[in-house]
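# Chains, contacts and geometry: an overview
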Amino acid sequence: MENAVKLLAPVLLAGLMLAPVAHARVCAVSVDSTDQMRFSQKEIKVAADCSQVKLTLRHTGTLAATAMGHNWVLTKTTDYPPVAMAGMRMTLADSYLPKKDARVLAHTAVIGGGQSTSVTFATAALRKGGDYTFFCSFPGHFALMKGRFVFG
Ligand code: ZN
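The paragraphs below set out a description of the structure included in this document. Keep in mind that what you see is a predicted model, and the values were worked out from it rather than measured.

Protein coordination at the zinc ion: the donors are H70 (ND1), C136 (SG) and H141 (ND1), at 2.1 to 2.2 Å from the metal. Look at where the donors of the zinc ion fall in the sequence and you get H-x65-C-x4-H. In this pair, H70 is assigned in the loop between α2 (65–68) and β4 (73–76) and H141 in the loop between β7 (132–135) and β8 (146–151), connecting sequence segments 71 residues apart. One exposure class covers both H70 and H141, and it is buried.

Rendered as structure tokens:
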């Protein structure tokens, strides 16, 4: 028995040393949205050691995406007003967002009542402790449907 332990110990140590230092960690967060044009949270927190975030958006209402659609968009707080304004000129098919805009750090599709959607994105582009805002870019919603996104 003692011999077996002695033989195994170096093997276990070698295994530990081969393990990557930084593990990929996908952190799941979710937020609900309503027919009353509201998100269920004013703040979403993601820990600093999350390498990826899986954000799930639910629409708990009954109205169609064309009437009361919601999405979840992440930008720096300074980019949020101009991106939201630019999004108002876009269409539902474009998720009411300017096309290929680098200021959009992550976003979901626009959904209607009873639907849910999700987006998974890397945190590599985010700065720990940075100032980020999430919002809905459906025209007219961004003033009410917004919150703080905290990373780190
Ligand atoms: Zn909305």
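With respect to the element layout, S95 can be found in the loop between α3 (80–87) and β5 (106–107). When residues no more than four places from it in sequence are discounted, the contact partners of S95 are N71, H107, T108, A109, V110 and S137.

Looking now at the nonpolar core. By size, the foremost hydrophobic cluster in this structure holds 27 residues, and its most contacted members are F39, I44, L55, W72, L74, F121 and F149. The contacts of F121, once residues within four sequence positions are left out, are S51, Q52, V53, L55, W72, L74, A106, L126 and F149. If you look at the next biggest cluster of nonpolar residues, it comprises eight residues, including V73, V83, A84 and L97.

Judged by pairing direction, the sheet is mixed, and its three strands sit side by side in the order β1-β3-β6 without closing on themselves. The open sheet has two free edges, formed respectively by β1 (26–33) and β6 (116–122), since each of these has just one partner strand. Strand-to-strand twist of the sheet, defined as the mean angle between neighbouring strand axes without regard to direction, takes the value 20 degrees. With eight bridges joining them, β1 and strand β3 (residues 52–59) adopt parallel strand pairing. In the strand pairing of β3, A28 is matched with K54.

What follows is about the state of the cysteines. Applying the stated criterion to the full structure yields one disulfide. Each sulfur in the disulfide pair C27 and C50 lies 1.9 Å from the other. Between C27 and C50 the sulfur-sulfur dihedral comes to about -90 degrees; the bridge is accordingly left-handed. Here C27, found in strand β1, pairs with C50, found in the loop between β2 (43–46) and β3; they are 23 residues apart in sequence, far enough to count as distant.

The strand order across the open sheet formed by five strands is β2-β8-β7-β4-β5, and the pairing between neighbours is mixed. Two strands lie at the open edges of the sheet, namely β2 and β5, each paired on one side alone. In terms of strand pairing, β4 meets β5 through two bridges, oriented antiparallel. The residue bridging L74 from the neighbouring strand is A106, located in β5. Strand contacts of α3: β4, β7 and β8, with the helix running at about 25 degrees to β7, the strand carrying the most contacts.

For H141, a relative accessible area of 3% corresponds to the buried category. H141 has contacts with M37, M68, G69, H70 and C136, leaving out every residue within four places of it along the chain.

What counts as what
Residues numbered from 1 in each chain as written. Predicted model: local features only at pLDDT ≥ 70, side-chain atom pairs only at ≥ 80, totals over all residues. Heavy atoms only, no water. Donors = N, O, S within 2.8 Å, 3.2 Å for Na, K, Ca; no water. Helix = DSSP H or I, 4+ residues; strand = E, 2+ residues; numbered from the N terminus. Buried < 20%, exposed > 50% of the residue type's maximum accessible area, 1.4 Å probe, protein only. Contact = heavy atoms within 4.5 Å. Core = buried A, V, L, I, M, F, W, Y, C linked by side-chain atoms within 4.5 Å. Pairing = 2+ DSSP bridges. Axes fitted to C-alpha atoms, helices over the stretch in contact; angles between N-to-C directions. Disulfide = S-S within 2.5 Å.

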